[in-house]
Amino acid sequence: MSSDSLSLTFPDGSVREFPNGSTGYDVAKSISPRLAREALSITLDGQIRDLNRPITVGGYIKINTWDTEDGQQTFWHSSAHLLAEATQELFPDVKFGIGPPISNGFYYDMDFGDHKVTEADLRKIEQKMLELARNKSTFDRIDISKSDAVALFTEKADPYKIDLLEGLEDGQITLYKQGNFTDLCRGPHIPSTESIKAIKLLHIAGAYWRGDVKSKQLTRIYGVTFPKKSMLDEYLIQLEEAKKRDHKKLGRELGIYIIDSMVGKGLPLWLPNGTMIRRTLEAFLRDEQVRRGYKEVITPHIGNLELYKTSGHYPYYADSQFDPIQVEDEHYMLKPMNCPHHHRIYSSSLRSYRDLPLRLAEFGTVYRYEQSGELNGLSRVRGFTQDDAHIYCTHEQLKDEIKNCVDLTKYVFNTFDMSVDIRLSFRDDKKDKYGGDGAFWNRAQTEINEVADELGLDYVIAPGEASFYGPKIDFIIKDALGRKWQVGTIQVDYVMPERFDLTYVGSDNQKHRPVIIHRAPFGSMERFTSILIEHFAGDFPLWLSPLQIMLIPVSDQFTDTAKEYEQQLKEAGLRVETDERNDQIGAKIRDAENRKIPYMLIIGEREKNEGTVSVRRHRIGDMGSLNFSEFLSKVSLEVKNRVNPPKSK
RNA sequence: GCCGAAGUAGCUCAGCUGGUAGAGCAACGCUCUCGUAAAGCGUAGGUCGUCGGUUCGAAUCCGAUCUUCGGCUCCA
């Protein structure tokens, strides 16, 4: 290959030669004029680059249009610059922080001085952005020396940019300029503001500079942009749909839980319907755990402060615990976790290697002080119940036990057809964040990694996300609004056995240290329930639904027949009610549909005579008539198999 | 905790620049005895989150406070 030409490999595997110095635009144009028109950037060997930047080295190339994630990121990154330009026009004294693209749009952190940004400001900035976009300004890349860059931002009196520059090396500093706005930026950007056709600034938030609470709090403006107006409309409709699934809204409408200000912030009260769901979930997991050799225990809601000094949780997590309670001469803590209690159960008798693994499980309620601004419905609370268990095992048993935990966790999520992301949370190099011996840590991380590979898990490794006593496998799920929540977790712990001096007698008649696995498939019953509400949009599978069947007599002369069926269904273990109200059936059906009751049985003259029921399925509609006994066996099977609700729409 | 926004009937919301509150649904009562997403009529329900201030007069303006929501920070 001569230096005058470039060899580019395309996603379909084809390889083509281009003159050295060709731009992404040239390449796109050689494929089709339409692609050239729609291209936003290219990805060359995994790196996103400007469309109009000359390519000097060959490699794997992708042309990024709006339809690709890389294309959207480029688009939104440029949109952040447009937001900054518009803001600068309207508020010339504003200082700029950072403005990256995010998974659904972009933001820019800015220092508005004494000005408080309002909704009205957002609308004005939006208008200015649209106006500037129509100028069709190009995004121009400028290579600059560090000293020139410092001089430029000193002149602009932009302290945050100068702060950023301090962390950068000379020789790799670039600026991007569009219209009258120049920003320190590594890029890349779309060719011109022209393609930004629809803009919505969504909300204002405070954000600390560099994420540090001690730094100045800047004003963050979130926005989203699209190349077509219709896409924005569609996006806004989607947002509305997501809000309809919000567990805080459905939680109230379906009588699942309330948060009462007199009881306290972050302290949910489970209503009868919610309690039914939760108890059913607990029974589901309890049965599965019994099958897998767990023993259930019960421990109190408080514990002596000494317990948490021994574990190291106190004062390590003092900031997120409720203050100790003084009783006579002693101090007690509302328990922030269940482990220490379980460790003491382990210690309560001499353990032989023949006793291991010992798997102690508890639906244990814990209390943590969460900052008030962080509380959120059932997702983030101050008192919650973990489906906790601690597995005490020998080192030889560890990997199999981790596998069993992964298997159980996956079984749980599969039951609900939920997709989860798996994260291996390891430690980073901030040593004081973690307890225990470094050698134990390395061993535990290696073992977790090996298990994940042996099971063929699809995972990402997250340094710095470990707990203080050990690395973990975390299961992460997204809520209706795309926010991520950690649900299940599996943690390997070599630290607590040391701190609590846990031992077992081995076959060699010597004392040995067990290893502990902490695990919770649901994580927290509160959070998991919130995720379930949003996952099913309130349409729970039959086995979980608080009320499974509503009997609807056509008029009150059929109420007796309905009540007979109600009795038989109850005896079969189903949750049933008869709607005896003096309403027309249309109204009763509508009411049952709104309450998201899985089955409605309509009973009138015909059914009474034939011994049948007319079956209506929530969201599906009339399913015709069945003999009562046929219906009973159908629903019994549906409960037994934990069938997920039919998907429509 | 910090930044921003919002609190009017059980729920969803109206109430313009100050003249002491209004609708729909739900609830309750009566009538209708009804066939797959809303029958008709009527009744009751609010010291407008709370406290203070301005004013002849405050749901409306100002301050404080509480709660909730969206973020930030934190998360064993």
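The structure we're discussing is the one just above.
Computed from a predicted model, the values in this text were never measured in an experiment.

Undergrad: Looking at this structure, I do not really get the overall build of chain A. What am I missing?
TA: Helix and strand counts for chain A come out as 20 helices and 33 strands. Long-range contacts, defined here as pairs at least 24 residues apart, represent 68% of the contacts in chain A between residues at least 6 apart. Carbon and sulfur atoms make up 48% of the accessible area of chain A, which amounts to about 31,300 Å² in all. When the 86 basic and 97 acidic side-chain charges of chain A are each reduced to a single mean position, those positions are 2 Å apart.

Undergrad: So what exactly am I meant to see when it comes to the state of the cysteines here?
TA: A disulfide bridge is the covalent bond that connects two cysteines by way of their sulfur atoms. This model, assessed by the stated rule, comprises zero disulfides. C393 forms no disulfide, and the closest cysteine sulfur to it belongs to C405, at a distance of 8.8 Å. For C405, a relative accessible area of 1% gives the class buried.

Undergrad: Teacher, can you tell me more about the pattern of salt bridges here?
TA: For side chains of opposite charge, pairing can occur when their charged atoms come near one another. A complete count under the given rule lists 47 salt bridges for this structure. Taking the shortest distance from any N to any O, the salt bridge between K309 and E306 comes out at 3.8 Å. Of this pair, K309 and E306 are both found in helix α10 (residues 305-311), three residues apart, which corresponds to roughly one turn of the helix. One continuous salt-bridge network, built from bridges that share partners, spans E577, D579, R581, D591 and R595.

Undergrad: Where do I start with the nonpolar core in this structure?
TA: Within soluble globular proteins, side chains that are nonpolar generally end up buried alongside one another. Counting residues in each nonpolar core, the largest one holds 52 residues, and the members touching the most others are L281, I402, F416, I473, F522, F528 and L532. Of the residues forming this core, the biggest block, seven residues, is contributed by helix α13 (residues 398-415).

Undergrad: Before we go on, may I ask you to explain helix α6 (residues 159-166) in this structure?
TA: Three or more residues of α6 are buried, namely Y160, K161, I162 and L165. Residues of α6 that are buried make contact with β6 (95-96), β8 (105-111), α5 (146-155), β10 (173-178), β11 (181-184) and β13 (217-226).

Undergrad: What should I look at first to understand the protein's contact with RNA strand B in this one?
TA: RNA strand B sits among 57 residues. The nearest are Q217, E374, N582, E607 and S614. Backbone atoms, meaning sugar and phosphate, form 48% of the atoms of RNA strand B found within 4 Å of the protein. A distance of 3.1 Å separates a base oxygen of RNA strand B from a polar atom in the side chain of Q584. Secondary-structure elements contributing two or more residues to the surface near RNA strand B are β12 (198-208), β13, α8 (247-253), α18 (585-594), α19 (605-610) and β32 (612-617). With seven residues, α18 is the largest single contributor of residues to the surface near RNA strand B. Its residues placed into classes, the surface near RNA strand B shows 16 nonpolar, 23 polar and 18 charged.

Undergrad: Looking at this model, I keep getting lost on the sheet that holds strand β30 (residues 576-578). Mind explaining?
TA: Sheet strands associate in pairs through backbone hydrogen bonding, adopting either a parallel or an antiparallel arrangement. The strand order across the open sheet built from five strands is β30-β29-β31-β32-β33, with neighbouring strands paired in mixed fashion. Lying at the two open borders of the sheet, with one neighbouring strand each, are β30 and β33 (621-627). Strand-to-strand twist across the sheet, computed as the mean angle between neighbouring axes with direction ignored, equals 25°. Across three bridges, strand β29 (residues 549-553) lies against β30 in parallel orientation. Bridge pairing in β30 places I549 opposite V576. Here α18 sits on the sheet in contact with β29, β31 (599-603) and β32, set at roughly 170° to β29.

Undergrad: Explain the pairing of strand β22 (residues 421-426) to me, please; I cannot follow it from the model alone.
TA: Walk down a regular strand and you will see the side chains alternate between the two sheet faces. Judged by how many residues are buried, β22 sits mostly within the fold: five of six residues are covered. Pairing of β22 with strand β24 (residues 472-478) involves five bridges; the strand directions are antiparallel. Bridge pairing links S425 to K472 in β24. As defined by bridge partners, β22 adjoins strand β23 (residues 459-463) across five bridges and the pair is classed as parallel. By the bridge assignment for β23, R423 is matched with V460.

Undergrad: Honestly, the side chain of E401 in this entry has me stumped. Any pointers?
TA: Along the chain, E401 falls in helix α13. Side-chain polar atoms of E401 contact the side chain of R359, separated by 2.8 Å. Apart from residues no more than four positions distant in its own chain, E401 is found in contact with P357, R359, I391, C393 and I517.

Undergrad: Where do I start with the pairing of strand β3 (residues 41-44) in this structure?
TA: A two-sided burial pattern is seen for β3, the buried positions comprising S41 and T43 on one face and I42 and L44 on the other. Alignment of β3 against strand β4 (residues 47-50), held across four bridges, turns out to be antiparallel. Within the sheet, the bridge partner assigned to S41 lies in β4 and is D50.

Undergrad: Would you mind showing me how to read the packing of α5 against α6 here?
TA: In a pair of packed helices, the angle between the axes and the distance between the axes together describe the arrangement. Two elements in contact, α5 and α6, have axes separated by 8 Å at closest approach and are oriented at 165°. Considering their axes alone, α5 and α6 lie roughly antiparallel with respect to each other. For the crossing formed where α5 meets α6, the hand is left-handed. Across the interface between the two elements, K146, A149, V150, F153 and T154 of α5 pack against K161, I162, L165 and E166 of α6. For the contact of α5 with α6, the per-class residue count stands at five nonpolar, one polar and three charged.

Undergrad: Help me understand the sheet that holds strand β1 (residues 5-9) in this model?
TA: Taking strand neighbours across the sheet as the criterion, the five strands line up as β2-β1-β5-β3-β4 in an open arrangement whose pairing is mixed. The open sheet is flanked by β2 (15-19) and β4, the only strands paired with a single partner. Adjacent strand axes in the sheet meet at a mean angle of 40°, parallel and antiparallel pairs treated alike. As judged from the five bridges shared by β1 and β2, these two strands associate in the antiparallel manner. What sits directly across from S7, in β2, is E17. Here helix α3 (residues 69-90) sits on the sheet and contacts β3, β4 and β5 (59-64); the angle it forms with β3, its principal contact strand, is near 125°.

Undergrad: What's the story with the packing of α3 against helix α4 (residues 119-133) in this structure? I'm lost.
TA: Relative orientation of the contacting elements α3 and α4 amounts to 110°, with a least axis distance of 8 Å. Between α3 and α4, the angle falls in the class roughly perpendicular. Both α3 and α4 take part in a crossing whose hand is right-handed. Here S79, L82, L83, E85, A86, T87, E89 and L90 of α3 lie close against α4, whose contacting residues are K124, I125, K128, M129, L132 and A133.

Undergrad: Would you explain the side chain of D539 in this entry?
TA: Along the polypeptide, D539 turns up in the loop between α16 (525-535) and β29. Residues contacting D539, with those up to four places away along its chain left out, are K596, H618, R619 and P645.

Undergrad: I would appreciate a short explanation of unusual backbone geometry in the present structure.
TA: Among all residues except glycine, the phi angle is most often negative; among peptide bonds, the trans geometry is most common. Going from G187 to P188, the amide bond is cis rather than trans, its omega being -5°. Relative to the helices and strands, P188 is located in the loop between β11 and β12. For the bond from L356 to P357, the omega torsion is -5°, close enough to zero to count as cis. Turning to its location among the elements, P357 is positioned in the loop between α12 (339-347) and β20 (358-367). Even without being a glycine, D501 presents a positive backbone phi close to 50°. By the element assignment, D501 lies in the loop between α15 (495-499) and β26 (504-505).

Rules used throughout
- Residues numbered from 1 in each chain as written.
- Chains lettered and ligands numbered in written order.
- Predicted model: local features only at pLDDT ≥ 70, side-chain atom pairs only at ≥ 80, totals over all residues.
- Heavy atoms only, no water.
- Helix = DSSP H or I, 4+ residues; strand = E, 2+ residues; numbered from the N terminus.
- Contact = heavy atoms within 4.5 Å.
- Areas by Shrake-Rupley, 256 points an atom, 1.4 Å probe, with all protein chains shown as cover.
- Lys, Arg positive; Asp, Glu negative; His and termini not counted.
- Charge placed at Lys NZ, Arg CZ, Asp CG, Glu CD.
- Disulfide = S-S within 2.5 Å.
- Buried < 20%, exposed > 50% of the residue type's maximum accessible area, 1.4 Å probe, protein only.
- Salt bridge = Lys/Arg side-chain N within 4 Å of Asp/Glu carboxyl O.
- Core = buried A, V, L, I, M, F, W, Y, C linked by side-chain atoms within 4.5 Å.
- Near = heavy atom within 4 Å.
- Polar contact = N/O pair within 3.5 Å; in protein donor to acceptor, adjacent residues only side chain to side chain.
- Nonpolar A, V, L, I, M, F, W, Y, C, P; charged D, E, K, R; others polar.
- Pairing = 2+ DSSP bridges.
- Axes fitted to C-alpha atoms, helices over the stretch in contact; angles between N-to-C directions.
- Parallel < 35°, antiparallel > 145°, perpendicular 65-115°, else oblique.
- Left-handed = near helix turned anticlockwise from the far one by under 90°.

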